[in-house]
Amino acid sequence: MSVEEEFKKVADQVKNMKTKPTDDEILILYGLYKQAMVGDVNIDKPGLTDLKGKAKWEAWESRKVRPFASEAEFKATVEIVRKFREGVGKELHQKLLQRAKERRNWLEEWWLDAAYLEVRIPSQLNVNFGGPGPYLEHFWPPAEGCSLQRTSIITWHTLQYWDLLRTERLAPQKAGKTPLDMDQFRMLYCTCKVPGVKKDTIRNYFKTVSEGPCPSHLVVMCRGRIFTFDALFDGQILSAPELLRQLIFVKERCEGEPEGDGVAALTSDERTRWAKAREHLISIDPHNKTILETIQSSLFVISLDESKPYSTPENYTNLTSAALTGNPTIRWGDKSYNSIAFADGTFGSTCDHAPYDAMVLVSMCWYLDQQIRATEGQWKGSDTVRQIPLPEELLFTLDEKAYSDIHHAKQQYLESTQDLQIVCYAFTAFGKSAIKQKKLHPDTFIQLAMQLAYQRLHKKPGSCYETATTRRFYHARTETMRPCTREAVSWCKAMMDPACDAIGRRTAMLSAFNKHNKLMFEAQDGNGFDRHLLGLYLIAKEEGRPTPELFSDPLYSRSGGGGNFVLSSSLVGYTTIMGAVAPMVHHGYGFFYRIRNDRIVISITAWKSCHETDAASLFNVFSSSMHEMLHLATTSQL
């Protein structure tokens, strides 16, 4: 909508109002009017004593803000968009409509390919997500000599969740009264990405009871070695004491013998290189293919990690870092779920992002947390251990080239992980309760605090991605919500302007909140534009057409298009479960957070080799921004 159209819309609304507009509404109308009739603000800002004139100037100036463009650049982009809309864009859109008629979800296959399967960079660090287990906050604080016992209990609960899915007893999730698509939950167990030279594939072996037999074996990795055993015996899930017996067997075998070959490290390499290394493994010995199939089809991987990443409820940094960047020889980077058990009795996870979005894992881990709380972290069942088969070690046949491939994978992984800076702290001054008291949306509050923190730290706006779930649609996953709006940038300027008073800052903040909330609702309701633009781009690519000029316009990438967002952010939820991802671009940040009544836990990542960014500094400025916003909301009586 142009400024002129926006002004006309608001003016019409004012004409139909039965009561006199508020001062804030009059200022919005004034700003739209001046921008529509005159253009950019062309007068000096009134002084401190002229409160009315200053408020009018700020309302006008706020309509000028375009976060990433000069006026000349913006005009050039407007012309490119006009030509696209009236020319090739119109043709591509018609083809997209035709595709939508032929498929129930026109984007599903494309999204999987473009976002994940065709990506060639190493996915274990750059694409996968990982996170710390929250169990240390209650019954499982860091402790010596309890790791295997706790692992057996959490594994048993994880298998109960698998059984809920198998027997179709897991209740569908809802957003309000709207049911959400649950298809991604099929990918949580018995799922693995398999590398290809040009494109990867996803192998999913999971079946419900009504669909037929489903693999029921687990894979355990320890000290570079790989073992497997069945999680069922006589049709029943192994008890925690039985699982403990299997884990003790693996641990004792690994402690009494040399370390393994660490074949799992290959999954951390560049995708094409890993694909070729996998082909070579299979060419050495057909049994290697059988082993790969066993790992791929397993329920999930249990990683027995010898490190002790001490963490607390206020500082999850060590545990988050160990989960995201830990030992590559004891995790299979392509598995949909690696459950990591650390030697100090704490837990983490790392997961391939391709088959599902983080909320699937969050749902399962939240279930685990509730079960562990309910049982006080103890096993409440029988201590009887049946005569079950012992775990079997999976031994690859390797040659000199295979060893060389493993060594290379380890080296590149080590270099990459050493470059990643991770902080994960709890902001404990206040949480959801205090924000809701001010009648403000907690997620929007945090997003705007992040915008303000970035602009304070870097002296410029930061293009930002926030995840918007679209699961109310068939097999849908996410849409991009772009928090760096003109309103957000205008508010940040107001907050950093010593001459701007509380009224001006309050007005700008409410405008930024309203715009963010509106865009998030539109994105979740299928009315975002990033996935649509991706569809138009891929239609052109599929037909062998030249890339439309729109997608090579500097402002497209500068505003985040094409996966170039400086801030890659996501609300993990309102539970105890937390996660982390690497930044989307080298000069950017990963910014994940979870919201509780009394605190917000934030994980921030940055690349150490980029001298512009620093995760710890961003957290500190973010914390200050949070305090400043709550103070403004309190003194302005929001």
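Just so we're clear, the structure is a prediction, and the values are computed from it rather than from any experiment.

Draft legend 1. Structural detail: the pairing of strand β17 (residues 567-573). Counting buried positions over the seven residues of β17 gives seven, a clear majority of the element. As defined by bridge partners, strand β15 (residues 464-469) adjoins β17 across three bridges and the pair is classed as parallel. Bridge pairing in β17 places glutamate 466 opposite serine 569. Bridge count between β17 and strand β18 (residues 589-595): six bridges; the pairing is parallel.

Draft legend 2. Local environment of the packing of aromatic side chains. Applying the stated rule across the entire model yields 22 aromatic pairs. Aromatic pair tyrosine 135 and phenylalanine 347: ring centres 6.1 Å apart, planes at 75°, arrangement edge-to-face. Of this pair, tyrosine 135 sits in the loop between β1 (129-132) and α8 (147-166) while phenylalanine 347 sits in strand β12 (residues 347-351); the two residues are 212 residues apart in sequence, bridging distant segments of the chain. Overall, the relative accessible area of 4% leaves tyrosine 135 in the buried class. Measuring from ring centre to ring centre gives 5.1 Å for tyrosine 161 and tyrosine 367, while their planes differ by 50°; the resulting arrangement is tilted. Of the two residues, tyrosine 161 sits in helix α8 while tyrosine 367 sits in helix α13 (residues 358-374), which places them 206 residues apart along the sequence.

Draft legend 3. Summary view of the environment of arginine 104. Tracing the backbone through its elements, the reader meets arginine 104 in the loop between α5 (88-102) and α6 (108-117). On the basis of relative accessible area, arginine 104 is assigned to the exposed category, the value being 69%. Considered as a pair, arginine 104 and phenylalanine 473 are 369 residues apart in the sequence and their alpha carbons are 9.8 Å apart.

Draft legend 4. Quick peek at the pairing of strand β7 (residues 225-230). Most of β7 sits inside the fold, with five of its six residues counted as buried. In the sheet, strand β6 (residues 217-222) pairs with β7 via six bridges, with the strands oriented antiparallel. Counterpart to cysteine 222 in the pairing with β7 is arginine 225. Connecting the antiparallel pair β6 and β7 is a turn made up of two residues, with arginine 223 showing a positive phi of about 50°. In this sheet, strand β13 (residues 392-393) lies alongside β7 in antiparallel orientation, the contact comprising two bridges. Counterpart to phenylalanine 227 in the pairing with β13 is glutamate 393.

Draft legend 5. A look at unusual backbone geometry. Residue cysteine 190 is not a glycine yet carries a positive backbone phi of 55°. Within the secondary structure, cysteine 190 sits in the loop between β3 (178-179) and β4 (191-194). Phi is positive for aspartate 234, close to 55°, though the residue is something other than glycine. If you trace the backbone, aspartate 234 turns up in the loop between β8 (232-233) and β9 (236-237). The exposed category is assigned to aspartate 234, whose relative accessible area is 66%.

Draft legend 6. How the structure looks around the nonpolar core. Ranked by internal contacts, the top residues of the largest apolar core, which has 65 residues, are Leu159, Tyr161, Tyr189, Leu218, Leu299 and Leu361. Each residue touching leucine 159, except ones within four places of it in the same chain, is listed here: Leu218, Ala231, Ile237, Leu243, Leu299 and Phe300. Ala508, Leu571, Ile600 and Ile602 belong to the second-largest nonpolar core, a separate cluster that totals 46 residues.

Draft legend 7. Just the sheet that holds β17, in detail. Spatially, β14-β19-β18-β17-β15-β16 is the arrangement adopted by the six strands of the open sheet, whose pairing is mixed. In this open sheet, the two strands that pair with only one neighbour each are β14 (420-427) and β16 (478-481). On average, each strand axis in the sheet is inclined to that of its neighbour by 20°, with strand direction left out of account. In the packing of helix α16 (residues 442-458) onto the sheet, the strands contacted are β15, β17, β18 and β19 (600-607), and the crossing angle to β18 comes to about 150°.

Draft legend 8. Highlighting the sheet that holds β12. Pairing in this open sheet of seven strands is mixed, and the strands run β1-β12-β11-β10-β6-β7-β13 from one edge to the other. The outermost strands of the open sheet, each flanked by one partner alone, are β1 and β13. Each of β6 and β7 touches helix α11 (residues 286-297); the most contacted strand, β6, lies at about 105° to it.

Draft legend 9. Layout of the packing of helix α10 (residues 271-284) against helix α14 (residues 400-418). It is the contact of α10 with α14, at a shortest axis distance of 10 Å, that shows an interaxial angle of 155°. Judged on the interaxial angle alone, α14 and α10 are roughly antiparallel. Read as a crossing pair, α10 and α14 show a hand that is left-handed. In this structure, α10 contributes Arg273, Ala277, His280, Leu281 and Ile284 to the contact, and α14 contributes Lys401, Ala402, Asp405 and His408. Residues that form the contact of α10 with α14 fall into these classes: four nonpolar, two polar and three charged.

Draft legend 10. View of the environment of arginine 373. Within the secondary structure, arginine 373 sits in helix α13. Distance in space between the C-alpha atoms of arginine 373 and tyrosine 135 is 8.3 Å, their sequence separation being 238 residues. Every residue in contact with arginine 373, bar those within four places of it in the chain, is listed here: His138, Phe139 and Thr576.

Draft legend 11. Inspection of the pattern of salt bridges at higher detail. For the structure on display, the rule yields 37 salt bridges. Where glutamate 211 meets arginine 186, a salt bridge forms, and the shortest distance between an N and an O atom there is 2.9 Å. Here glutamate 211, found in the loop between β5 (201-204) and β6, pairs with arginine 186, found in the loop between β3 and β4; they are 25 residues apart in sequence, far enough to count as distant. With a relative accessible area of 25%, arginine 186 lands in the partly exposed category. Residue aspartate 405 is joined to lysine 401 by a salt bridge in which the shortest nitrogen-to-oxygen separation is 3.0 Å. Of this pair, aspartate 405 and lysine 401 both sit in helix α14, four residues apart, which is roughly one turn of the helix. Among the charged side chains, a salt-bridge network with shared partners connects Glu79, Arg82, Arg85 and Glu86.

Rules and cut-offs
Residues numbered from 1 in each chain as written. Predicted model: local features only at pLDDT ≥ 70, side-chain atom pairs only at ≥ 80, totals over all residues. Heavy atoms only, no water. Buried < 20%, exposed > 50% of the residue type's maximum accessible area, 1.4 Å probe, protein only. Helix = DSSP H or I, 4+ residues; strand = E, 2+ residues; numbered from the N terminus. Pairing = 2+ DSSP bridges. Phe/Tyr/Trp six-rings, centres within 6.5 Å; stacked < 30°, edge-to-face > 60°. Core = buried A, V, L, I, M, F, W, Y, C linked by side-chain atoms within 4.5 Å. Contact = heavy atoms within 4.5 Å. Axes fitted to C-alpha atoms, helices over the stretch in contact; angles between N-to-C directions. Parallel < 35°, antiparallel > 145°, perpendicular 65-115°, else oblique. Left-handed = near helix turned anticlockwise from the far one by under 90°. Nonpolar A, V, L, I, M, F, W, Y, C, P; charged D, E, K, R; others polar. Salt bridge = Lys/Arg side-chain N within 4 Å of Asp/Glu carboxyl O.

Bear in mind that shape data such as this cannot, by itself, settle questions of function.
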